[in-house]
Amino acid sequence: MSTLLEIKSSVLRQVQVCPSFRRRTEEEPASANADPPEPTAAAWKPGDGVEFFSQMRLILKKGEGRQGLPCPEVLLCSSSPAPAEPVDPSRGLRALSQEEVDMLYEEALYTVLHRAGTMGPDQVDDEEALLSYLQQVFGTSPEEHAAAVEHVKKAKAPTYALKVSVMRAKNLLAKDPNGFSDPYCMLGILPASGAMREPSPHKEQRFSFRKGSKRGGPLPAKCIQVTEVKSSTLNPVWKEHFLFEIEDVGTDQLHLDIWDHDDDVSLVEACRKLNEVIGLKGVSRYFKQIVKSARANGTAGPTEDHTDDFLGCLNIPVREVPVAGEDRWFKLEPRSSASRVQGDCQLVLKLITTQRDTNMSQRGRSGFLSYLLLLSRLLQFEHRAGEPNSSSWRGELSGPAATVLCLHGAQSNLSALQLAVLHWQVSSRHHQTRTLDYGYLLGLLEDLQAHWEEAGSLPQEQEEGLADSFSAFSEFGLQLLRQLRDYFPATNSTAVYRLELLLKCLGKLQLFQPSFEICPFKTELNMDIAAALKRGNREWFDKLLNTQSPREQPGPQRLAGLVKLADTIYEDLQSCYGIYASLFHSIIKVDFFTLTFRQLERLVAEEAWVLTEELSPKMTLEVASGLFELYLTLADIQRFWSSIPGRDSRSLALAGIHAPFLPAVKLWLQVLRDQTKWRLQGAVDVDTLEPMDASSKHSSSAATASLCFSHIQELWACLAWPDTTQAQTLGTQLSQDLCEAALFYTELLRKKVDAQPGAAGEAVSEPLCVVLNDVELLRKAAGQALRGLAWPEGAAGLEGTLPRPLLSCTQALDEDLQREARTVTAHLTSKMVGDVRKYVQHVSLSPDSIQNDEAVAPLLKYLDEKLALLNASLVKENLSRVLEALWELLLQAILQALGANRDVSADFYGRFHFTLEALVNFFHAEGQGLPLESLRDGSYKRLEEELRLHQCSTRECIEQYYLDKLKQRSLEHNRFGRLSVRCHYEAAEQRLAVEVLHAADLLPLDANGLSDPFVIVELGPPHLFPLVRSQRTQVKSRTLHPVYDELFYFSVPAEACRRRGACVLFTVMDHDWLSTNDFAGEAALGLGSVGGVARPQVGGSARAGQPVTLHLRRPRAQVRSALRMLEGRPNKEAQEFVKRLRELEKYMEADP
């Protein structure tokens, strides 16, 4: 019993009893020995089944990659360098003449030789290094270089000027009574000639601007500038700009004083400002001011020295100003150690030149133009020296190059906006001749945008140059976008990133569009981009068409190319949606996917319509195959559009494209039917009917069949025919072909296993087990494939239900395969019949001295061994089938053994009863085997009843006979008619009153369609009523609804009526004058339920009780089983009872 106990999963029986929907009207089923019909060869040879399905698998594999929307991570499969972009030397800046080059060389040398200010840590302070670098840039010989340097040294030195921007101050001292000050700045250049003499060591003094100062002569007016007065604040904001000429860069200083402006006030005014006093210190200062004003009698004397209050000063040597200029906070300093100051002042300083003794300056070339030419020269040199063959160069300049540019920009007084404009103009032009990194260009545009927002405008000439650079770059970018797939392939993550940066650059250009007085774009840039993309799409499509499917080729040759073209377009649309669409939409607000899909879908639809019209009259199997594959791709394109939320495929040019493909699809499905049969036949021919491997229990041909059906299901899903009526026709035919192929496979298997020689003495055949597993695998695979062939039924179809024709086909095939599985199961268990009978006979022949468990042990051991083999060889469903068949085999063997042994002891039947219960426990296996409901049904009930009856005495068997009659119910209440009776027991007379009232709907047993019925009334069992004789009613002629109203009395004791099985038996007969009477039906009424039997009636009438309607019936097998038990009894009582019943059976017809 251990084998079944080790079965982990339930093997409940799952055979559904339902009528088959399949009706084969074409021809009668062939016999089991007939050969299966051969499939037609069609267009492919018989051996091409493998090749055909391999080709179909490739088609399905394309469809697998088209499920759902594309994922960017899957599309970006390469990180190799991006393809090289086109460059054109003519798109750069204008080439310079030799004279212009010489003048630019002179300008650069002049800038280096006359540099002024402090060099930064990242700049090159070595003059020789800078000059040597310029020699390399301009490619001059040492002699030429030395001569040029000498010439520049002889030139007049430039005139320097210091640009000073007084921005703001903070945290100044409060000098006014109200707690604030009214600060203003006085600033100027302290030249070397006006520098203070060295102060004596006894008193520290610092220079300051003072009105009427007596400490020194007044400074020249041109050297002093004054800011506005900012009233009542300690954090003034000026933002005023000044320009000072510098005589000597090495010794001149910038001096700045901050003063609190004090107006001359009268005593009355001073008193009026009393409310403005803040704090005690303010009050103290206020009193001082009042006293001072009172002494002057409220007016300022002409000679009184009323000076402003000092707030701090700054002394900045000009030579310490950085070359690039600086913007910083300076801490205010006192005039002397006795002065008390606080706070900081923000200045922006820049040292420039106003007059330069160079040819370019003398010819009126601005510093802006000179810087542009110099930057272009340096950028070309640096790019060649850096990464000549790379598109990732980000414009990193060497130290000397950056230093030269910084010097020239500062000396030329170029603003931050002008520098940003120059770098963009030069770099964007250079990019069109030698590719740069778009991230570098984007950074230049962001820098330009930031400075543009601060400055806001340029001179017209410079703005025109910037607009031209924008136009040139946008034109270059549009050219690239036209060839988007070549220069920015969607599979290359590097190229896609470059595209993103390019689009961001173009997006930045759009932001400048409303800021220009001279607009560089005639239309909106995003409209130009959309137009370029459309043009690029058309050019790309035409190029593909001319390469893969030229129109001058014949139709059949063009077809293969058009399939490739459609596949390429689908892949391109995936890239557009997964990669390009989000970039274009988020950056420049262009719906690239919709634009591209509409255009390409229309173009490929036009080509497909034209080609199908050309090929329809020339339909061959090869053409049908190509058109079928083409349609699948076109359908995938439609589904791709529909899978995007908010998109409707009905507006597409491909809508309705399925119509011209219908003949090709029908022809291809016919080929599929034939090739499936050839594939299955080839698989069975090479099948050895052995498990494929240790983990599977089916053979190789079943795996092939399952794979074929799976391919067919996938193919139907890919086909997704849109027309409901046509889809029903195609699906119905395909499902019938699949069912036919499945049955064809089972016939091949049967023929294969029948041809194999069986091993002598082998009770469990491994080939049969494999075949049974193959059939089960086929049943599941075919069922799943058929359910996958569902087609839309329109509004009438329910969601999730199969169409009626497909449901009928599915159920019919399942019934056929279930029947085939039962046939193989019966064949498998038939090999065990002899052994089972032998072990059952061993149980029957075991002497009474042997214990029951010892007698049944060999049988259980045999079953355990065989089921261990079956469990290892069969899948769960087939093991359940074999267990059910084996269980039925055992029950029949035991019934046969009981029938062969008559007049044996009760112990004999007790042993078999023990055997039956032991087998139930064995097959149930504590819930892991067959369910108890299945085990204790059918033949088990009959066997259990016979065993019980065999253990009963003769009278107990007779009582059981009558009990069975009382339990019997009519299956068809109206078939044999009804009988109305009324019974009661009269205790006083100790008699049973039985009244037969009437009958209805009796069977017509005479030739005239009527009967002559009468009723026999008798009590049973006979041994309870030995002295009681049966009685009968009168015969009612020619009627099926007789009325009797006859009363019969039976003198019997109440105790006998209460005994087990006591009943009144009514037998309705048809009276025949010339032959034996005919049996019409019978009914039994238990006496235990009759009024007066259980307890006497009190005050009851002679005819107490309600009428009872009994349904007539005929004896069933359950009743006859007790009769068979009595037939085998040799005693007189049993034989007499059987003899009397046999006489009654002569009048009965066969049980329907």
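Computed from a predicted structure; not experimentally measured.

*Asks:* Explain the overall build of the chain to me, using residue names and the numbers behind them.
*Replies:* Looking only at helices and strands, the chain has 35 helices and 16 strands in total. A burial count over the chain gives 49% of its 1152 residues as buried. Surface exposure of the chain reaches about 55,500 Å², of which carbon and sulfur atoms provide 50%.

*Asks:* Before we move on, could you go through the nonpolar core and cite the residues and values that matter?
*Replies:* Trp 424, Leu 448, Leu 481, Phe 584, Leu 634, Leu 672 and Phe 923 are the most contacted members of the largest nonpolar core, which totals 222 residues. Of the residues forming this core, the biggest block, 15 residues, is contributed by helix 18 (residues 555–588). Non-local contacts of Leu 672, meaning those with residues more than four positions away in its chain, are made with Phe 52, Phe 53, Met 56, Ile 712, Leu 715 and Leu 734. Counting 36 residues, the second-largest nonpolar core is a separate cluster that includes Val 981, Phe 1025, Ala 1062 and Leu 1112.

*Asks:* I'd like to hear about the packing of aromatic side chains, residue by residue, with values.
*Replies:* According to the stated counting rule, one finds 24 aromatic pairs in the structure shown. Taking 5.6 Å as the distance between ring centres and 70° as the angle between the ring planes, the aromatic pair formed by Phe 922 and Phe 923 counts as edge-to-face. Note on Phe 922: relative accessible area 0%, which makes it buried. In this structure Phe 923 comes out as buried when scored by relative accessible area, which is 0%.

*Asks:* Would you mind going over the pairing of strand 13 (residues 1043–1051) in detail, with residue names and values included?
*Replies:* Two faces, one strand: in a regular strand the side chains alternate between the faces of the sheet. Of the two faces of strand 13, the one holding Tyr 1044, Glu 1046, Phe 1048 and Phe 1050 is buried and the one holding Val 1043, Asp 1045, Leu 1047, Tyr 1049 and Ser 1051 is not buried anywhere. Alignment of strand 10 (residues 991–1000) against strand 13, held across seven bridges, turns out to be antiparallel. Across the sheet, the residue bridging to Leu 992 is Phe 1050, located in strand 13.

*Asks:* Provide a residue-level description of the pattern of salt bridges, including the pertinent values.
*Replies:* On inspection of all chains with the given rule, the structure shows 32 salt bridges. The partner of Arg 57 in a salt bridge is Glu 714, and the shortest N-O contact between them spans 3.5 Å. Of the two residues, Arg 57 sits in helix 2 (residues 49–64) while Glu 714 sits in helix 22 (residues 700–719), which places them 657 residues apart along the sequence. According to the relative accessible area criterion, Arg 57 is partly exposed, its value standing at 28%. A salt bridge links Glu 539 to Arg 535; the shortest N-O distance between them is 3.2 Å. In this pair, Glu 539 and Arg 535 both sit in helix 17 (residues 525–548), four residues apart, roughly one turn of the helix. Using a relative accessible area of 32% as the deciding quantity, one classes Glu 539 as partly exposed. On the basis of relative accessible area, Arg 535 is assigned to the partly exposed category, the value being 48%. Through salt bridges with shared partners, a single ionic network connects Glu 776, Arg 779, Asp 814 and Arg 881.

*Asks:* Give a detailed account of the sheet that holds strand 11 (residues 1013–1020), specifying residues and quantitative values.
*Replies:* With respect to topology, four strands assemble into an open sheet ordered 12-11-14-15, the strand pairing being antiparallel. Each having just a single partner strand, strand 12 (1031–1032) and strand 15 (1078–1086) make up the two edges of the open sheet. Examined bridge by bridge, strand 14 (residues 1063–1070) and strand 15 share eight bridges and lie antiparallel to one another. Bridging across to strand 15, Val 1064 finds its partner in Leu 1085. Against the sheet, helix 32 (residues 954–967) touches strand 11, strand 14 and strand 15, its axis set at about 95° to strand 15.

*Asks:* Which residues make up the packing of helix 22 against helix 24 (residues 766–787), and what are the values?
*Replies:* Angle between the axes and distance between the axes: these two values describe a pair of packed helices. One can describe the packing of helix 22 onto helix 24 by two numbers: an axis separation of 9 Å at closest approach and a directional angle of 5°. By the angle between their directions, the pair helix 22 and helix 24 is classed as roughly parallel. Here Ser 701, Ala 702, Ala 703, Ala 705, Ser 706, Phe 709 and Gln 713 of helix 22 come into contact with helix 24, specifically with Asp 774, Leu 777, Leu 778, Ala 781, Ala 782, Gln 784 and Ala 785. Across the contact of helix 22 with helix 24, the residue classes tally to nine nonpolar, four polar and one charged.

*Asks:* Got a sec to walk through the confidence of the model for the chain? Specific residues and values, please.
*Replies:* With 80% of its residues at a pLDDT of 70 or more, the chain has an overall mean of 80. Taken element by element, the chain is modelled with least confidence in helix 1 (residues 2–5), mean pLDDT 38, and with most confidence in strand 13, mean pLDDT 94. Confidence drops under a pLDDT of 50 for residues 211–222, and excluding neighbours within four residues, the segment shows eight contacts in the predicted structure. When the criterion is pLDDT under 50, residues 1148–1152 qualifies, and its contacts beyond four places in sequence or with other chains add up to 12 contacts.

*Asks:* Explain helix 13 (residues 438–455) to me, and be specific about the residues and the numbers.
*Replies:* Look at helix 13: 25 Å from first C-alpha to last across 18 residues, which is about the 26 Å you get at 1.5 Å a residue. Within the sequence span of helix 13, burial applies to Tyr 438, Gly 439, Tyr 440, Leu 441, Leu 442, Leu 444, Leu 445, Leu 448, Gln 449, His 451 and Trp 452. Where the residues of helix 13 are buried, they touch helix 12 (416–431), helix 14 (460–482) and helix 16 (493–512). For helix 13, the capping residue at the N-terminal end is Asp 437, with a side-chain oxygen 2.6 Å from the backbone nitrogen of Gly 439.

*Asks:* Which residues make up the packing of helix 20 (residues 621–642) against helix 22, and what values do they have?
*Replies:* Close contact between helix 20 and helix 22 brings their axes to 9 Å; oriented N to C, the two are set at 60°. One element, helix 20, and the other, helix 22, form an angle in the oblique class. Residue-level contacts link Phe 628, Tyr 631, Leu 632, Ala 635 and Arg 639 of helix 20 to Leu 715, Ala 717, Cys 718 and Leu 719 of helix 22. Across the contact of helix 20 with helix 22, the residue classes break down as eight nonpolar, no polar and one charged.

*Asks:* With reference to specific residues and values, describe the side chain of Thr 746.
*Replies:* Position of Thr 746 relative to the elements: it lies in helix 23 (residues 724–754). Of the residues examined, Thr 746 reaches a relative accessible area of 4% and is grouped as buried. Those residues in contact with Thr 746, other than ones at most four positions away along the chain, are Leu 778, Leu 817 and Glu 820.

*Asks:* How would you summarise the pairing of strand 11 if you had to cite specific residues and measurements?
*Replies:* Counted residue by residue, strand 11 has seven buried out of eight residues, so it is predominantly covered. Bridge analysis of strand 11 against strand 14 gives eight bridges, and the strand direction is antiparallel. Considered in strand 14, the bridge of Pro 1013 is made with Asp 1070. In the sheet, strand 11 pairs with strand 12 via two bridges, with the strands oriented antiparallel. Opposite Ile 1016, over in strand 12, you have Arg 1032 as the bridge partner.

Here is what the cut-offs are and how they apply
Residues numbered from 1 in each chain as written. Predicted model: local features only at pLDDT ≥ 70, side-chain atom pairs only at ≥ 80, totals over all residues. Heavy atoms only, no water. Helix = DSSP H or I, 4+ residues; strand = E, 2+ residues; numbered from the N terminus. Buried < 20%, exposed > 50% of the residue type's maximum accessible area, 1.4 Å probe, protein only. Areas by Shrake-Rupley, 256 points an atom, 1.4 Å probe, with all protein chains shown as cover. Core = buried A, V, L, I, M, F, W, Y, C linked by side-chain atoms within 4.5 Å. Contact = heavy atoms within 4.5 Å. Phe/Tyr/Trp six-rings, centres within 6.5 Å; stacked < 30°, edge-to-face > 60°. Pairing = 2+ DSSP bridges. Salt bridge = Lys/Arg side-chain N within 4 Å of Asp/Glu carboxyl O. Axes fitted to C-alpha atoms, helices over the stretch in contact; angles between N-to-C directions. Parallel < 35°, antiparallel > 145°, perpendicular 65-115°, else oblique. Nonpolar A, V, L, I, M, F, W, Y, C, P; charged D, E, K, R; others polar. pLDDT = per-residue confidence, 0-100. Expected span 1.5 Å × (residues − 1). Polar contact = N/O pair within 3.5 Å; in protein donor to acceptor, adjacent residues only side chain to side chain.

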